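Breakdown of the fold
So the chains spell out like this:
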Amino acid sequence: MDFGFRCPVILCLTLAVLASVLADLDDTLMGAPGSSVRLSENDPGLKKALKFAEDRYNMGSNTMHVRRVSKILSASKQLVKGIRYNIMVELSNTQCKKAARLMTCDFYPEEHNLKTEVCVFEVWDIPWERKSTLLKQKCQPAVDPKPVETNKVEFLSLSTSKPVEHVFSFILDLLGQFKEFMVRYNRTYSNTERRLRIFHENLKTAEKLQSLDLGTAEYGVTKFSDLTEEEFRTLYLNPLLSQQKFQRSMKPAAMTHGPAPPSWDWREHGAVSPVKNQGMCGSCWAFSVTGNIEGQWFVKTGKLVSLSEQELVDCDTVDQACGGGLPSNAYEAIEKLGGLETETDYSYTGKKQSCDFTTDKVTAYINSSVELSKDENGDIYLSNPTCFSLVVCPQFYRKGVSHPLKIFCNPWMIDHAVLLVGYGERQGKPFWAIKNSWGEDYGEQGYYYLYRGSRLCGINKMCSSAIVN
């Protein structure tokens, strides 16, 4: 990481250097082994990998017509004992039937006949062995693109022939957004050019999310816009959640009875403490658990107290503090410790320290914990705010009801623990209201709203709650 060093303002970059940086953003550069490098559409290796993926797709599909790549959405490669290509494309119907085996195939001129899909392919190519393997293929029907919000720059490919004044305007626009970002979030870097490149790439990623989202969400610049995906995952997420072998088995919760109301929000009933911030520490598991217990304690006693996450980070000997943890383990640790201190008595530092727990200061305790139903229905969540885990809340989410394509949030790659506090409907879109632990300057005052009813992002996979008798 390169935060907190020299060059406090972006004006340290001369315009000539900036133009040079931006001019080669679309070039193909092979980085160190294992690093991901973005590719241009003209890359010969990419063309070969796309042809291989196309052929495998058509061989395995039961469609009558051949489908071809109609648009490349993103493409990158890594050196991994060969070259691994990560490609997102749109595939559309051609007028050629598979049995015809024609050399050239045109797309249908009629929009309704194209039947476009968005597909993610991973192709592993070993050129010296003349061997290619399709590691992953995930497709689903495309949606009509939505207009990009005005808070995003135009995503200009400088390798195309554009008027000089157009390119210059683009550079100034991007420079202005990046400067505003640095000032707003008090950023300084030792390598400002690198962070500018990352910022530009993230703007384009946000644009793709915006155009493919099925809900009402807005994506764009957030406080994480200067982080690579790898940095973001390392600093804020929890890789242990997807590791089944680390999960402690929990007894199932008793089902609730009676119809659920059309909407419910525990914030309106006083059971939810203010949004907290885990900082650069993978301790989301601790915040999810304490949020659940705060709600349970309120339901039983009528008192809302803010409980200590740092106690779990320091004193839970099974989980790995900022390296990640599991709610099921945290509940057990709290039972063994005898309860939780308040946030005031045992304040959060965002790093592991020696355990300083004192039984005399215990404010809340639990008797046991349970796993909630995997059915995505409202009534199971009425007992209290619910601890649950999901595939990460989007890095570039700003507001609205998020409904990402399933290829963007594989339910088997759960990596973030959060707190479900309610549900309802906005503009015809049913949603879950989710309390995050990335501060009030993330999303909608610290909350993320996810589409309800499609079991998106593994929302129904790891739901749990403490029990207070």
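Quick summary incoming for the structure in this document. Fair warning: this is a prediction, and the values are worked out from it, not measured in the lab.

1. Some details on empty space enclosed by the protein
Under the defined criterion, the tally for this structure stands at two cavities of 30 Å³ or more. Considering only enclosed or pocket space, the largest cavity measures out at about 90 Å³ in volume. With five residues, the single largest contributor to the lining of the largest cavity is helix 7 (residues 284–301). Across the lining of the largest cavity, the residue classes break down as four nonpolar, six polar and four charged. Of the volumes computed, that of the second largest cavity is approximately 40 Å³. Contributing to the lining of the second largest cavity are Leu209, Leu212, Asp213, Tyr219, Pro404, Leu405 and Phe408. Of the residues belonging to the lining of the second largest cavity, the class tally is six nonpolar, no polar and one charged.

2. Re the sheet that holds strand 2 (residues 65–79)
Read across the open sheet, the five strands follow the order 1-2-3-4-5; overall the sheet is antiparallel. With one partner strand each, in any of the chains shown, strand 1 (37–38) and strand 5 (131–141) form the two edges of the open sheet. Here strand 1 pairs with strand 2 via two bridges, running antiparallel. Its bridge partner lying in strand 2, Arg38 is registered against Ser76. Against the sheet, helix 2 (residues 44–60) makes contact with strand 2, strand 3 (83–97), strand 4 (117–126) and strand 5, and its axis sits at roughly 135° relative to strand 2, the strand it touches most. The sheet contacts of helix 5 (residues 192–212) involve strand 1, strand 2, strand 3 and strand 4, and relative to strand 2 the element is tilted by about 150°.

3. Observations concerning the pattern of salt bridges
Summed over all chains, the structure comprises 20 salt bridges. The salt bridge involving Arg398 is made with Glu218; its shortest N-O contact spans 2.5 Å. With a gap of 180 residues between them, Arg398 in strand 11 (residues 397–399) and Glu218 in strand 6 (residues 218–219) connect regions that are remote in the sequence. Two residues, Lys276 and Glu343, come together in a salt bridge whose shortest N-O distance is 3.0 Å.

4. Structural notes on the nonpolar core
Membership of the largest hydrophobic core comes to 39 residues, with the highest contact counts inside it found for Tyr236 and Trp438. At the level of secondary structure, the elements contributing two or more residues to this core comprise helix 5, helix 6 (229–236), strand 13 (416–426), strand 14 (429–435) and strand 15 (447–451). In terms of nonpolar packing, the next biggest core, distinct from the first, is built from 18 residues, Tyr57, Ala75, Leu91 and Phe121 among them.

5. Quick word on the pairing of strand 2
Sheet topology places strand 2 next to strand 3; twelve bridges connect them, and they run antiparallel. The partner of Gln78 across the bridge, within strand 3, is Arg84. Between strand 2 and strand 3, which pair antiparallel one after the other, the connecting turn spans three residues, and Lys81 there sits at a positive phi close to 50°.

6. Observations regarding helix 7
One turn of an α-helix holds 3.6 residues; hence residues three or four places apart share an orientation. Spanning 18 residues, helix 7 covers 26 Å between terminal C-alpha atoms, matching the ideal 26 Å at 1.5 Å per step. Burial runs high along helix 7: 15 of the 18 residues are buried. Positioned one or two residues after helix 7, Gly302 has a phi angle of 80°, which is positive.

7. Observations regarding unusual backbone geometry
Unlike most non-glycine residues, Ala321 shows phi in positive territory, near 55°. Relative to the assigned elements, Ala321 resides in the loop between helix 8 (310–315) and helix 9 (327–337). Notably, Arg455 is not glycine yet its phi reads approximately 55°, a positive angle. Locating Arg455 in the fold gives a position in the loop between strand 15 and strand 16 (462–467).

8. Observations regarding the packing of helix 7 against helix 9
Viewed as axis vectors pointing N to C, helix 7 and helix 9 meet at an angle of 60°, and their least axial separation amounts to 9 Å. When the axes of helix 7 and helix 9 are compared, the pair comes out oblique. The two elements helix 7 and helix 9 cross, and the hand of that crossing is right-handed. Here helix 7 contributes Trp285, Val289, Asn292 and Ile293 to the contact with helix 9, which in turn contributes Pro327, Ala330, Tyr331 and Ile334. Of the residues in the contact of helix 7 with helix 9, the class split is seven nonpolar, one polar and no charged.

9. Things to note about the environment of Leu237
When you line up the elements, Leu237 lands in the loop between helix 6 and strand 7 (251–252). For the pair formed by Leu237 and Cys322, sequence separation is 85 residues and the distance between their alpha carbons is 9.3 Å.

10. A look at the environment of Gly325
When you line up the elements, Gly325 lands in the loop between helix 8 and helix 9. Expressed as a C-alpha distance, the spacing of Gly325 and Val313, which sit twelve residues apart in the sequence, is 9.1 Å. In contact with Gly325, other than residues within four places in its own chain, are Asn238, Leu240, Leu241, Trp285 and Asp319.

11. Quick notes on the packing of aromatic side chains
Per the stated rule, a full pass over the model turns up 21 aromatic pairs. Aromatic side chains Trp438 and Tyr442 sit 5.0 Å apart centroid to centroid with 85° between the ring planes, which places their arrangement in the edge-to-face category. Take Trp438 and Tyr442: they sit in the same class, and that class is buried. Aromatic rings pair up to connect Tyr219, Phe224, Phe232, Tyr236, Tyr397, Trp438, Tyr442 and Tyr448 into one cluster. Over the ring of Phe431 we find Arg426; its NZ or CZ atom is 5.6 Å from the centre of that ring.

Definitions and limits used
Residues numbered from 1 in each chain as written. Predicted model: local features only at pLDDT ≥ 70, side-chain atom pairs only at ≥ 80, totals over all residues. Heavy atoms only, no water. 1 Å grid on protein atoms, 1.4 Å probe; cavity = no way out; pocket = protein on both sides within 12 Å on 5 of 7 lines; lining within 4 Å. Points joined across faces, edges and corners; volume = space filled by probe spheres on them. Helix = DSSP H or I, 4+ residues; strand = E, 2+ residues; numbered from the N terminus. Nonpolar A, V, L, I, M, F, W, Y, C, P; charged D, E, K, R; others polar. Pairing = 2+ DSSP bridges. Contact = heavy atoms within 4.5 Å. Axes fitted to C-alpha atoms, helices over the stretch in contact; angles between N-to-C directions. Salt bridge = Lys/Arg side-chain N within 4 Å of Asp/Glu carboxyl O. Core = buried A, V, L, I, M, F, W, Y, C linked by side-chain atoms within 4.5 Å. Buried < 20%, exposed > 50% of the residue type's maximum accessible area, 1.4 Å probe, protein only. Expected span 1.5 Å × (residues − 1). Parallel < 35°, antiparallel > 145°, perpendicular 65-115°, else oblique. Left-handed = near helix turned anticlockwise from the far one by under 90°. Phe/Tyr/Trp six-rings, centres within 6.5 Å; stacked < 30°, edge-to-face > 60°. Lys NZ or Arg CZ within 6 Å of the ring centre and 35° of its normal.

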